[in-house]
Structure formats: structure tokens, C-alpha cells
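Here is what each chain is made of, one letter per residue.
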Number of protein chains: 2
Amino acid sequence: MLSQASRKLIMKNGLMSVLLVLVAVSYSFGRLGKTDSDKKKTTFPQILSRGWGDELTWTQTYEEALFRARSSNKPVMVIHHLEDCPHSQALKQAFASNRKIQKMADEDFILLNLVFETTDKHLSPDGQYVPRIIFVDPSLTIRADITGRYANRLYAYEPADINLLISNMEKTKKLLKTEL
Amino acid sequence: MLSQASRKLIMKNGLMSVLLVLVAVSYSFGRLGKTDSDKKKTTFPQILSRGWGDELTWTQTYEEALFRARSSNKPVMVIHHLEDCPHSQALKQAFASNRKIQKMADEDFILLNLVFETTDKHLSPDGQYVPRIIFVDPSLTIRADITGRYANRLYAYEPADINLLISNMEKTKKLLKTEL
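Source: prediction; values computed, not measured.

Here is what the cut-offs are and how they apply
- Residues numbered from 1 in each chain as written.
- Chains lettered and ligands numbered in written order.
- Predicted model: local features only at pLDDT ≥ 70, side-chain atom pairs only at ≥ 80, totals over all residues.
- Heavy atoms only, no water.
- Helix = DSSP H or I, 4+ residues; strand = E, 2+ residues; numbered from the N terminus.
- Buried < 20%, exposed > 50% of the residue type's maximum accessible area, 1.4 Å probe, protein only.
- Contact = heavy atoms within 4.5 Å.
- Areas by Shrake-Rupley, 256 points an atom, 1.4 Å probe, with all protein chains shown as cover.
- Pairing = 2+ DSSP bridges.
- Phe/Tyr/Trp six-rings, centres within 6.5 Å; stacked < 30°, edge-to-face > 60°.
- Lys NZ or Arg CZ within 6 Å of the ring centre and 35° of its normal.
- Axes fitted to C-alpha atoms, helices over the stretch in contact; angles between N-to-C directions.
- Salt bridge = Lys/Arg side-chain N within 4 Å of Asp/Glu carboxyl O.
- pLDDT = per-residue confidence, 0-100.

Student: I tried to follow the overall build of chain A on my own but got confused; where do I start?
Tutor: Helices and strands together make up the secondary structure of chain A, namely five helices and three strands. For chain A, the sequential pattern of α-helices and β-strands runs α-α-β-α-α-β-β-α. Looking at the 180 residues of chain A, the share that counts as buried comes to 51%. In chain A, the proportion of contacts linking residues at least 24 apart, taken out of those at least 6 apart, comes to 73%. Carbon together with sulfur atoms contributes 56% to the accessible area of chain A, which is approximately 8400 Å² in total.

Take a look at the structure:
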């Protein structure tokens, strides 16, 4: 049986997931997609990349990503997104079609894309919204200092910000080397 | 930055994952596969089903599975396994080729297969080993009472136990209805 604490955590997490959907919808400028994924027709087979780079290696869970970060000494790139959010879709297209990003992601990062929030609140330093990209270094420190250009959503990126994302990926790698 | 507590949890979890691999290897009767998945050639695209039923809907994370269990009022079936474990592979083959199981799984369960342990210790009531199948009902109670036939590994199933697994799936559904 789940302990009372676990139960509370999960209840809270369930609520967070609902909130995430709400925030995502509001971020979509009112363009309401199908928000209930249960009702959405699933495409088969379901793939881990979800279109963010079908030839890259994606981890399934945050636990797996952290384990691989430590064992390979590579930083984790966590992409929170939603299939129904046009901003997420636009960023995904820019991300998947950019050769430099795909190459760096392939060679230097442990990759994780999530459509559900984890229970680690450190992955949402300024709230739960999508798209949201957070880096975690191999010592398991959340790189809250690596941000995009929006003061109200520090970890959001638009397709036009793709070069900033590239330089943030480089920054994540560089600081890592300096620390060694 | 991660709190000291989170860090400890993750360090512990990392250790658990290592332990899981060790237990799996010992369970393989010494037939040592490639245990370091980092070195293993990844097949693309990586799919969520991992061969347990390519036409079924699989959740990605435990958080997602619990959320969908509550919203759909269906129990979760969590399958812990490893690609390098022959016992997992044998059970997978029996599971994927059994029409009755595939139909019940499709219609009545929220499905999750994991190759990494979660941080919820309630998912390993008698230890971390593979293959291991645990049911969680929609009220988020771990069904530790639904067991297989091995006293030293209560949640393990062999291919020959497939009918017991079917009856356990039916039991999970039935008790659920009685409780409503």
C-alpha cells in the first residue's frame, strides 16, 4: 500500500499534471486542442523520440536519464512539451530539423522528453509550462542558470531562439569542462 | 540545485539500478549478457512497447500511469524487465503472443514497462528483480496481494505461469468492481 506521504505526493502530482495542461492551453493563446490525451487516437508504435529526433537515443524516465548522466558524465537535456501545444510543435520542428542541434544532442547530451511532469519540483524552477528546456549536469545539479530570453518563462524557447538554445547547449558543455 | 534529500534519493536510486542489473544477472543463472546498456547498440526508433505488445497503448512514466489510472478508473500493470535478461525475454514472448492477455491489457489496464526502477519503494515489496509484475489499483493502492507462484520472488512469472497471470489480471479487475 502507498504511504500517506506518497499518496499526497501523487495526488499533488496529478493536480500538477492537470495544471500543466491548463497552462499549456493558456500559452496556446486560447487555441484549444484536444487536451484529454485519453480520448486522442494513439499512433502506433509509440516512440520515445516523439519527433524530436528519431535517430537520437532517448531515455524513458528521469531516473534513467540521471543514471546515464552520472555514468557517462554527460549533462541531461529535459524537454517538457505537449503534443497538443502549437508552441511545443513549432519548437520541435525547429529542433528536429537543425543539424547542429541534432549532432550536439546526439554526441554530448543524455536526452529526455516528457509530456508528464516528474515529482522533482527542481525541474520547474519558475513554474510548469511547455515548451520548457532544463539542463542537469552529471553531478545532478539543475542548471537553473541556463535560461532563454523570456523573463516570465525562463526556460521557454521559440523557434526563433534556436541559436540561443545552441549556445546554451554549448554553455552547458563548457562549464562542465571548466568544473572538471 | 537539488536539495540534499533529492540528491540522496537519486544516489540511492542510482545504486538501486545497479543492484537491479546485478540481481537480474544472477537471476539469469550466470548467463552474462551485455549489462551496460550504454554500450549496447540502440535500435531505432526506440518504442515504448519494447515488444510487450506493439499495438497496445503504453505509458512512458509511472507518474503518467498513475494519472491515467485515476482518470480512467483502470488498474495499472507495471512490468519491470531487462532487455538482457533471458527470463524477461521469455515472459515477454509469452505475453506478446497471448491473445487473451493482449486483449485484456488493451481494454482493462493502464500499461507501463520499465527497465529502470522508480523511486517508489512500494513497487518492490520483496526486492528489485526482473521480470516482476505489480498491479496498482485506480485508488493508487499497490496490490501487493496479487502474486505469482514463487515464494522467494512473489511478483515473478515464468512463461509457464501465463494462465496464473491471466487469472491475476482478472482478479485485479474483479476486486476493483467489488470495491466500487
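Student: Can you walk me through the pairing of strand 2 (residues 110–114) of chain A in this structure?
Tutor: Taken residue by residue, a regular strand's side chains alternate between the two faces of the sheet. Residues and elements named next belong to chain A. Among the five residues of strand 2, five are classified as buried, and the element is accordingly described as predominantly covered. Residues I110, L112 and L114 point to one face of strand 2 and L111 and N113 to the other, with burial holding for every one of them. As defined by bridge partners, strand 1 (residues 76–80) adjoins strand 2 across five bridges and the pair is classed as parallel. Within the sheet, the bridge partner assigned to I79 lies in strand 2 and is N113.

Student: What exactly am I supposed to notice about the packing of aromatic side chains here?
Tutor: Each aromatic ring pair is summarised here by two numbers: the centre-to-centre distance and the angle between the ring planes. Residues and elements named next belong to chain B. Scanning all chains against the criterion turns up six aromatic pairs over all chains. Geometrically, the ring pair formed by W52 and F95 is edge-to-face, given 5.4 Å between the ring centres and 70° between the ring planes. Here W52 is found in the loop between helix 1 (4–27) and helix 2 (62–72), whereas its partner F95 is found in helix 3 (residues 86–96), with 43 residues between them in sequence. Residue F95 is classed as buried on the basis of its relative accessible area, which comes to 0%. Sitting over the ring of Y129, R132 keeps its end group 5.7 Å from the ring centre.

Student: Looking at this structure, how should I read the sheet that holds strand 3 (residues 132–136) of chain A?
Tutor: Whether parallel or antiparallel, the strands of a sheet pair through hydrogen bonds between backbone atoms. Residue and element names in this part refer to chain A. If you trace the three strands from one edge of the open sheet to the other, you get 2-1-3, paired in mixed fashion. Lying at the two open borders of the sheet, with one neighbouring strand each, are strand 2 and strand 3. Strand-to-strand, the axes of this sheet are offset by a mean angle of 15°, without reference to chain direction. Summarising the sheet, strand 1 and strand 3 pair through five bridges and their orientation is antiparallel. Bridged to V78 within strand 3 is I134. Docked against the sheet, helix 2 (residues 62–72) engages strand 1, strand 2 and strand 3, running at close to 170° with respect to strand 2.

Student: Just to check I follow, could you spell out helix 2 of chain B for this structure?
Tutor: For an α-helix, 3.6 residues make a turn, and residues three or four places apart therefore share a direction. All names here are of chain B. Counting buried positions over the 11 residues of helix 2 gives eight, a clear majority of the element. When we look at burial in helix 2, the residues that qualify are Y62, E63, E64, A65, L66, F67, R68 and A69. N73 sits one or two positions beyond helix 2 and adopts a positive phi of about 55°.

Student: What's the story with the environment of A69 of chain A in this structure? I'm lost.
Tutor: Residue and element names in this part refer to chain A. With respect to the helices, strands and loops of the structure, A69 is situated in helix 2. On the basis of relative accessibility, which here comes to 0%, the residue A69 falls in the buried class. When the C-alpha atoms of A69 and F44 are compared, they prove to be 29 Å apart, with 25 residues separating the residues in sequence. Those residues in contact with A69 that lie beyond four places of it in its chain are K74, V76, I110 and P138.

Student: Honestly, the pattern of salt bridges in this entry has me stumped. Any pointers?
Tutor: Working definition: two side chains of opposite charge can pair if their charged atoms are close together. Residue and element names in this part refer to chain A. Under the counting rule described, the total for this entry stands at 18 salt bridges over all chains. Where D145 meets R143, a salt bridge forms, and the shortest distance between an N and an O atom there is 2.9 Å. What makes D145 partly exposed here is its relative accessible area of 45%. Looking at R143, the relative accessible area reads 5%, which means it is buried.

Student: How should I be thinking about the pairing of strand 3 (residues 132–136) of chain B in this particular structure?
Tutor: Along strand 3 of chain B, five of the five residues are buried, which leaves the element largely enclosed by surrounding structure. What you see with strand 3 of chain B is no split at all: R132, I134 and V136 of chain B on one side and I133 and F135 of chain B on the other are buried throughout.

Student: Would you mind showing me how to read unusual backbone geometry here?
Tutor: Excluding glycine, residues mostly carry a negative phi; peptide bonds, for their part, are mostly trans. Residues and elements named next belong to chain A. Note the cis peptide between V130 and P131, where omega equals -10°. In this structure, P131 sits in the loop between strand 2 and strand 3. Phi is positive for N73, close to 60°, though the residue is something other than glycine. With relative accessibility at 37%, the residue N73 sits in the partly exposed group. Of note in this structure, L140 is not a glycine but carries a positive phi near 70°. For L140, the position within the fold is in the loop between strand 3 and helix 5 (162–179).

Student: How do you make sense of the confidence of the model for chain A when you look at a structure like this?
Tutor: Interpretation of this model should avoid reading the predicted coordinates in detail wherever pLDDT is low. Looking at chain A, the pLDDT average stands at 83 and 73% of residues meet or exceed 70. The complex model carries a pTM of 0.79, and its ipTM stands at 0.76.

Student: In this structure, what is going on with the sheet that holds strand 3 of chain B? I would like to understand it.
Tutor: Residues and elements named next belong to chain B. Spatial ordering of the open sheet is given by 2-1-3, a layout of three strands whose pairing is mixed. Looking at which strands have only one partner, the edges of the open sheet turn out to be strand 2 (110–114) and strand 3. The sheet shows a mean angle of 15° between the axes of neighbouring strands, direction not considered. Most of the contacts of helix 2 go to strand 2, to which it runs at about 170°, and overall it touches strand 1 (76–80), strand 2 and strand 3.

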